[in-house]
Amino acid sequence: MKRKLIGITLIILLIASMVLTGCSKNESAETSEEPAETEDAGSEEMEGTEESETVAPIDVNVMALKGPTAMGMVQMMDAVDKGEISSNIYHFNLAASPDEVPPAIAQGTVDIAAVPANLASVLYNKTEGQVQVLAINTLGVLYIVENGETVKAVEDLKGRTIYASGKGATPEFALNYILKGNGIDPASDVTIEWKSEHAECLSALMADESGIAMLPQPFVTTAQTKSEGLKVVLDLTEEWDKLQENEENPSALITGVIIARKAFIEENPNAVDDFLNHYYESVLFVNSNVDEAAALVGAYDIVPEEVAVKALPKCNITFVEGSDMEQQLSGYLAILAEGDPASVGGAVPGDDFYYKK
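Note that the coordinates shown come from a computational prediction; the quantities given were computed from them, not determined experimentally. (Residues numbered from 1 in each chain as written. Predicted model: local features only at pLDDT ≥ 70, side-chain atom pairs only at ≥ 80, totals over all residues. Heavy atoms only, no water.)

Draft legend 1. Structural context of the overall build of the protein chain. Along the protein chain, the regular secondary structure elements total 14 helices and 11 strands. Put simply, the protein chain has 357 residues, and 45% of those count as buried. Sequence separation of at least 24 residues holds for 80% of the intrachain contacts in the protein chain that already meet a minimum separation of 6. Carbon together with sulfur atoms contributes 50% to the accessible area of the protein chain, which is approximately 18,000 Å² in total. (Helix = DSSP H or I, 4+ residues; strand = E, 2+ residues; numbered from the N terminus. Buried < 20%, exposed > 50% of the residue type's maximum accessible area, 1.4 Å probe, protein only. Contact = heavy atoms within 4.5 Å. Areas by Shrake-Rupley, 256 points an atom, 1.4 Å probe, with all protein chains shown as cover.)

Structure below.
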């Protein structure tokens, strides 16, 4: 009987031992899963930290020229000053001359700049591909004006004197292309008197009753406030388009583009896209809200508000990126290069000149 009891007791103890051992194993399994959960949480936390570091605001230095290139930015500039844009820390610098841009780009004190289209190409060649164009921001802004109505078509310019500024830049290249396209030799069929400033052109025009001038907006509007008889007789953007309408891949008369240092683009792709998004919104605002935009243009001392109200609709402020940008700009630069390779820095840029997301 005692053996049976001992046997039974041993069996009970054995069963109890097995149950306890099983529980212990289960508890160990549950415990071993907890560190895994903790590790995952830590991993997610680290990933979140890395993400926040990637999109953390950075300083972005932007330069624009006083004129249409800066006019398209005014809503973005205003939003930054009001603290409505905090994705990055934008610093805007308005320059009076394109000559201020190259050294700033070369020294790295400017990351993104609005420049004449041909200057972008020149910088690309001089820096051996260290700048890229992000978008076209201004189409043609050049107009032929006169104190009368003797000019009805480009052919009417033959034998006349044209006052102009911008020798060695877009105005000269565009005028030469349009004259040649209409059978006029710029060297012998017209007299082009190049002035150093738009104001000099206006002074010469005012002193010559039969004179003609090529002026850009918004200076055309400024000039018309000083001379009521001054009329716009030719829109050179329209004349360019006429010459291009039968081309397989028509180009456009382009005044300005947005460029950025290639190193900045590669190091800060999110910042570049952020800038382009805000700039696009600014262009839409400026083109859709002329009165409000003109007030901002005046406030930033780009041109007086009363001039901006009339000039903005004629400044061809735009936003073109991607393949459309490449087609229009490459065609434009090719035309300039045909006339004078130096105008684009010696050669038309390669495909890497164009920013692609």
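Draft legend 2. Quick look at the sheet that holds strand E7 (residues 191–195). Pairing in this open sheet of 5 strands is mixed, and the strands run E7-E6-E8-E5-E9 from one edge to the other. In this open sheet, the two strands that pair with only one neighbour each are E7 and strand E9 (231–235). Ignoring which end each strand starts from, the neighbouring axes of this sheet average 30° apart. Looking at chain direction, strand E5 (residues 142–146) and E9 are connected through 4 bridges and run antiparallel. Bridge pairing in E9 places Ile144 opposite Leu234. Across the sheet, helix H7 (residues 198–207) touches E5, strand E6 (161–165), E7 and strand E8 (212–216), and the angle it forms with E6 is around 155°. The sheet strands contacting helix H9 (residues 236–244) are E5, E8 and E9, and the helix crosses E9 at an angle near 20°. (Pairing = 2+ DSSP bridges. Axes fitted to C-alpha atoms, helices over the stretch in contact; angles between N-to-C directions.)

Draft legend 3. Structural view of the pattern of salt bridges. Within the structure shown, the criterion is met by 7 salt bridges. Asp111 is the partner of Arg261 in a salt bridge, and the nearest nitrogen-oxygen pair spans 2.5 Å. Of this pair, Arg261 sits in strand E10 (residues 254–261) while Asp111 sits in the loop between helix H4 (101–107) and strand E3 (112–116), and the two are 150 residues apart along the sequence. Residue classification places Asp111 among the buried positions, given a relative accessible area of 5%. Note that Glu239 is salt-bridged to Lys242, the shortest N-O span being 3.3 Å. Pair noted here: Glu239 and Lys242 are both in helix H9, with a separation of 3 residues, about one helical turn. (Salt bridge = Lys/Arg side-chain N within 4 Å of Asp/Glu carboxyl O.)

Draft legend 4. Representation of the layout of surface pockets in the model. Considering only enclosed or pocket space, the largest pocket measures out at about 1,300 Å³ in volume. Leu65, Lys66, Ala96, Pro98 and His198 are, among the 43 residues lining the largest pocket, the residues nearest its centre. Secondary structure elements with two or more residues in the lining of the largest pocket: helix H2 (68–71), E3, helix H5 (117–126), helix H6 (170–181), H7, helix H8 (219–226) and E10. If you tally residues by element for the lining of the largest pocket, the top one is H5, at 5 residues. Considered class by class, the residues forming the lining of the largest pocket number 22 nonpolar, 15 polar and 6 charged. Each pocket or cavity is described by its volume, and for the second largest pocket that value is around 220 Å³. Taken together, Glu172, Phe173, Asn176, Tyr177, Lys180, Ile335, Leu336, Glu338, Gly339 and Asp340 make up the lining of the second largest pocket. Among the secondary structure elements, those contributing two or more residues to the lining of the second largest pocket are H6 and helix H14 (322–339). The element that contributes the greatest number of residues to the lining of the second largest pocket is H6, accounting for 5 residues. Split into classes, the residues belonging to the lining of the second largest pocket amount to 4 nonpolar, 2 polar and 4 charged. (1 Å grid on protein atoms, 1.4 Å probe; cavity = no way out; pocket = protein on both sides within 12 Å on 5 of 7 lines; lining within 4 Å. Points joined across faces, edges and corners; volume = space filled by probe spheres on them. Nonpolar A, V, L, I, M, F, W, Y, C, P; charged D, E, K, R; others polar.)

Draft legend 5. Seen up close, the packing of aromatic side chains. Counted according to the given criterion, the structure contains 9 aromatic pairs. Taking 6.3 Å as the distance between ring centres and 45° as the angle between the ring planes, the aromatic pair formed by Tyr90 and Phe275 counts as tilted. Of this pair, Tyr90 sits in strand E2 (residues 89–95) while Phe275 sits in helix H11 (residues 269–288); the two residues are 185 residues apart in sequence, bridging distant segments of the chain. When its relative accessible area of 0% is taken as the criterion, Phe275 is described as buried. Taking the centre distance of 4.4 Å and the plane angle of 45° together, the rings of Tyr177 and Trp240 count as tilted. Here Tyr177 is found in helix H6, whereas its partner Trp240 is found in helix H9, with 63 residues between them in sequence. (Phe/Tyr/Trp six-rings, centres within 6.5 Å; stacked < 30°, edge-to-face > 60°.)

Draft legend 6. Looking closely at unusual backbone geometry. Pro218 follows Gln217 through a cis peptide bond whose omega is 10°. Tracing the sequence through the fold places Pro218 in the loop between E8 and H8. Phi angles above zero are rare outside glycine, and Glu128 is one such case at about 55°. For Glu128, a relative accessible area of 71% corresponds to the exposed category. In this model, Asp301 sits at a positive phi of 60°, which is unusual for a non-glycine residue.

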